[in-house]
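Residues per chain, in single letters:
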Amino acid sequence: MMNGAAASDSQGKCPFMEQEGWDFTNPDLLEQGIPIAEFAELRKTAPVWWNEQAPGKGGGFHDGGYWVISRHKDIRDISKNAADWSTAENGAIIRFEDDMSQDQIDVTKAILINQDPPEHTQKRKIVSRAFTPKAVGALEEKLDASARRIVKAAAESGKGDFVHQVAVDLPLEAIADLLGVPEADRVKLFDWSNSMMNADDPEFTTDPMTASAEILGYGYNMAEARRKCPADDIVTTLVNADVDGHALDEAEFGFFFILLTVAGNETTRNAITHGMNAFLDNPDQWELFKKERPATAIDEIVRWATPVNVFQRTAKNDVEIDGQLIKKGQRVGLFYGSANFDEDVFDDPYTFNIMRDPNPHLGFGGNGTHFCVGANLARMEISLMFNALADLVPDITKLEQPRRLRHGWINGIKELQVDYGVK
Ligand code: HEM
């Protein structure tokens, strides 16, 4: 399934806790799968655990390590408590490449997800205008047609890689549609997004800094064009928004653009691929989905997939959690990949159950100020895609086990070979 590594030996010791250099953000770890056995052990015995990082091994950070927060309850509490926890101080991303400079990390601070109130509150109000139920709902018909076109084209090839034939296109189209990016520029957008996110995987060779500069420039130009010549679209709304006397300037729009392409693209793609893989591993659930199309399936797919394994916060004050003192300035990793399998919250957490209800997973974050602004758009995309798959390729089967992405915090699949089952 996700990762079968045993966490404790027969004496109940946890070898990984003693292992020199063990790091829950080591890209080699997620390449194997979410370390579910180790997380289960932490939730039970050390829910706030210090993960030491040797000098130069902090994925861009130089502070000796971070606290691993593994329980659902603690992750939700921290996410909801902006008074004690900051994303501005060290950003939300817990791991970059080891040789990332402070200047490069500082650039990411202009992004919404890396801001604290009051800047965050104000910016989020503006950005939310792109995600009103009306704006998202308006895309449904078009995205439904896109999902069916994508699946039909994949089916015509008989067999192939589900990631590239099915999962990649819809999330990208959704963002491009939302922001009014013309068809001709969409491939560029996808390449930039990939380069920015996959630096840890040796199969991807493009420079992430160049890609982010290019995407920033693209957003900048788009904002400038709409300022000069307003249109009836979201970009115009965002650059002309007047929320408490503020709008997004060109650079801010550029950073928002980066955030959306990255946040909405990889994540939804991986949710769709993990979801398909889960259905292929659990044929009874696929049969059930085809027959009943339960709405609860969508959140179970997101829980199961947990496309973002972890984001981080930094303590603004000394804080105690589960009896452990966390000092002001220290970082904590909110491991959604642990919370979503917390046996105190989910019955039978390692069973993929599309009827699961309630399903208070933290795949979109811990219900705090940074809760995923695109959650409803993502849910709609996943729903449209699986309905199209169930209608058009009901007999799809798996040809090989998925090949996983090597990444410090994204739980990704880069290849899933399938037979679409269409004669
Ligand atoms: C299954 C797909 C998705 C997953 C698993 C996901 C996950 C997340 C998570 C974990 C966060 C951080 C929450 C927190 O810190 O409390 C987040 C924030 C965010 N997401 Fe998503 N996301 C998905 C899809 C999308 C889509 C489709 C978009 C937009 C097109 C989007 C845009 C954003 C933005 C802008 C933020 C930052 C919000 C803020 O800082 O206020 N996401 N997402």
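Novice: Any chance you could explain the overall build of the protein chain here in plain terms?
Specialist: A tally of regular secondary structure across the protein chain gives 18 helices and twelve strands. Taken against the 2.2 N^0.38 rule, which gives 22 Å for 423 residues, the C-alpha radius of gyration of the protein chain at 21 Å falls within 12% of a compact globule. Across the 423 residues of the protein chain, 47% fall into the buried class. For the protein chain, the share of sequence-separated contacts (at least 6 apart) that also reach a separation of at least 24 residues comes to 74%.

Novice: In this structure, what is going on with the sheet that holds strand β4 (residues 159-161)? I would like to understand it.
Specialist: Taken in spatial order, the three strands of this open sheet run β4-β12-β9, and their pairing is antiparallel. This sheet does not close on itself; its edge strands, each paired only once, are β4 and β9 (397-398). Pairing of β9 with strand β12 (residues 417-419), which is carried by two bridges, proceeds in the antiparallel orientation. Following the sheet pairing, K398 is matched in β12 by V418.

Novice: Before we go on, may I ask you to explain the site of the ligand in this structure?
Specialist: The immediate surroundings of the ligand are formed by 29 residues, with G264, G365, H370, C372 and G374 found nearest. Every element with two or more residues in the shell around the ligand is listed here: α14 (250-281) and α18 (375-392). Ranked by residues supplied to the shell around the ligand, first place goes to α14 with seven residues. Here the shell around the ligand is built from residues that sort into 18 nonpolar, ten polar and one charged.

Novice: Where do I start with the packing of α14 against α18 in this structure?
Specialist: To characterise two packed helices, one gives the angle between the axes of the helices and the distance between these axes. Between α14 and α18, whose axes approach to 10 Å, the crossing angle comes to 35°. Classified by chirality, the crossing of α18 by α14 is right-handed. Here G264, T267, T268, A271, I272 and G275 of α14 come into contact with α18, specifically with L377, A378, E381, I382, M385 and F386. Here the contact of α14 with α18 is built from residues that sort into seven nonpolar, four polar and one charged.

Novice: Explanation requested: the sheet that holds strand β3 (residues 85-86) in the structure shown.
Specialist: Two modes of strand pairing occur in sheets, parallel and antiparallel, and in both the strands are linked by backbone hydrogen bonds. The strand order across the open sheet formed by five strands is β1-β2-β8-β5-β3, and the pairing between neighbours is mixed. Both outer strands of the open sheet, β1 (48-52) and β3, are each paired with one neighbouring strand and no more. Alignment of β1 against strand β2 (residues 65-69), held across five bridges, turns out to be antiparallel. Bridge pairing in β2 links V48 to I69.

Novice: It is not clear to me how unusual backbone geometry should be interpreted in this structure. Could you clarify?
Specialist: For residues besides glycine, phi is generally negative; the peptide bonds are generally trans as well. With an omega of 5°, the peptide bond between P117 and P118 qualifies as cis. When you line up the elements, P118 lands in the loop between α5 (102-107) and α6 (119-127). Omega for the peptide link from D357 to P358 comes to 5°, which places this bond in the cis form. If you trace the backbone, P358 turns up in the loop between α17 (336-339) and α18. Unlike most non-glycine residues, N367 shows phi in positive territory, near 65°.

Novice: Please explain helix α4 (residues 72-80) as it appears in this structure.
Specialist: Within α4, the full set of buried residues consists of H72, D74, I75, I78 and S79. The elements touched by buried residues of α4 are β2, β3, β5 (310-315), β6 (319-321), β8 (331-335) and α17.

Novice: What am I meant to see in the nonpolar core here?
Specialist: Across soluble globular proteins, you tend to see nonpolar side chains buried next to one another. Counting residues in hydrophobic clusters, the biggest one holds 110 residues, and the most contacted among them are F256, L259, L334, F335 and M385. With 13 residues, α14 is the largest single contributor of residues to this core. Apart from the residues lying within four places of it in its own chain, the contact partners of M385 are A147, L170 and I272.

Novice: Help me out: how do you make sense of the environment of I258 in this one?
Specialist: Relative to the elements of secondary structure, I258 occurs in helix α14. Expressed as a C-alpha distance, the spacing of I258 and I69, which sit 189 residues apart in the sequence, is 28 Å. If sequence neighbours within four positions are ignored, I258 has contacts with I111, S212, I215 and L216.

Novice: Just to check I follow, could you spell out helix α10 (residues 169-179) for this structure?
Specialist: One turn of the α-helix equals 3.6 residues, which is why residues spaced by three or four share an orientation. The element α10 is extensively covered by neighbouring structure, given that nine of its eleven residues are classed as buried. Those residues of α10 lying buried are D169, L170, P171, L172, E173, A174, I175, L178 and L179. One or two residues past the end of α10 sits G180, with phi positive at roughly 70°.

Novice: Can you help me understand the pairing of β2 in this one?
Specialist: Regular strands have side chains that alternate between both faces of the sheet. Here β2 lies mainly inside the structure; four of its five residues are buried. Two strands pair when backbone bridges link them, and β2 and β8 are joined in this way by three bridges, in the parallel orientation. What sits directly across from I69, in β8, is L334.

About the thresholds
- Within every chain, residues take consecutive numbers counted from 1 along the sequence as written.
- At least 70 in pLDDT is required for a residue's local features to be given in this predicted model, at least 80 for side-chain atom pairs to be given and counted, and no such filter applies to totals for whole chains, interfaces and linings, which use all residues.
- A run of H or I in DSSP counts as a helix once it spans at least four residues, and a run of E counts as a strand once it spans at least two, with each numbered from the N terminus.
- We take the radius of gyration over the C-alpha atoms and set the globule estimate at 2.2 Å times the residue count to the 0.38 power.
- In this scheme the burial state of a residue depends on its C-beta neighbours within 10 Å: 20 or more other such atoms mean buried, 12 or fewer mean exposed, and anything in between means partly exposed; the C-beta positions come from the backbone.
- Here contacts are defined at the residue level, using C-beta atoms placed from the backbone and a cut-off of 7 Å between them.
- Pairing between strands requires that DSSP locate at least two bridges from one strand to the other.
- The rule is simple: place the C-beta atom from the backbone, and if it lies within 6 Å of a molecule or strand, the residue is near it.
- Residues are sorted three ways: Asp, Glu, Lys and Arg are charged, Ala, Val, Leu, Ile, Met, Phe, Trp, Tyr, Cys and Pro are nonpolar, and all the rest, Gly among them, are polar.
- To get an axis, fit a line to the C-alpha atoms, keeping to the stretch in contact for a helix; angles then go from 0 to 180 degrees between the N-to-C directions.
- Two helices that cross are described as forming a left-handed crossing if the nearer one is turned anticlockwise from the farther one by less than a right angle, and a right-handed crossing if clockwise.
- By definition, a nonpolar core groups buried Ala, Val, Leu, Ile, Met, Phe, Trp, Tyr and Cys residues that connect through C-beta atoms lying within 7 Å of each other.

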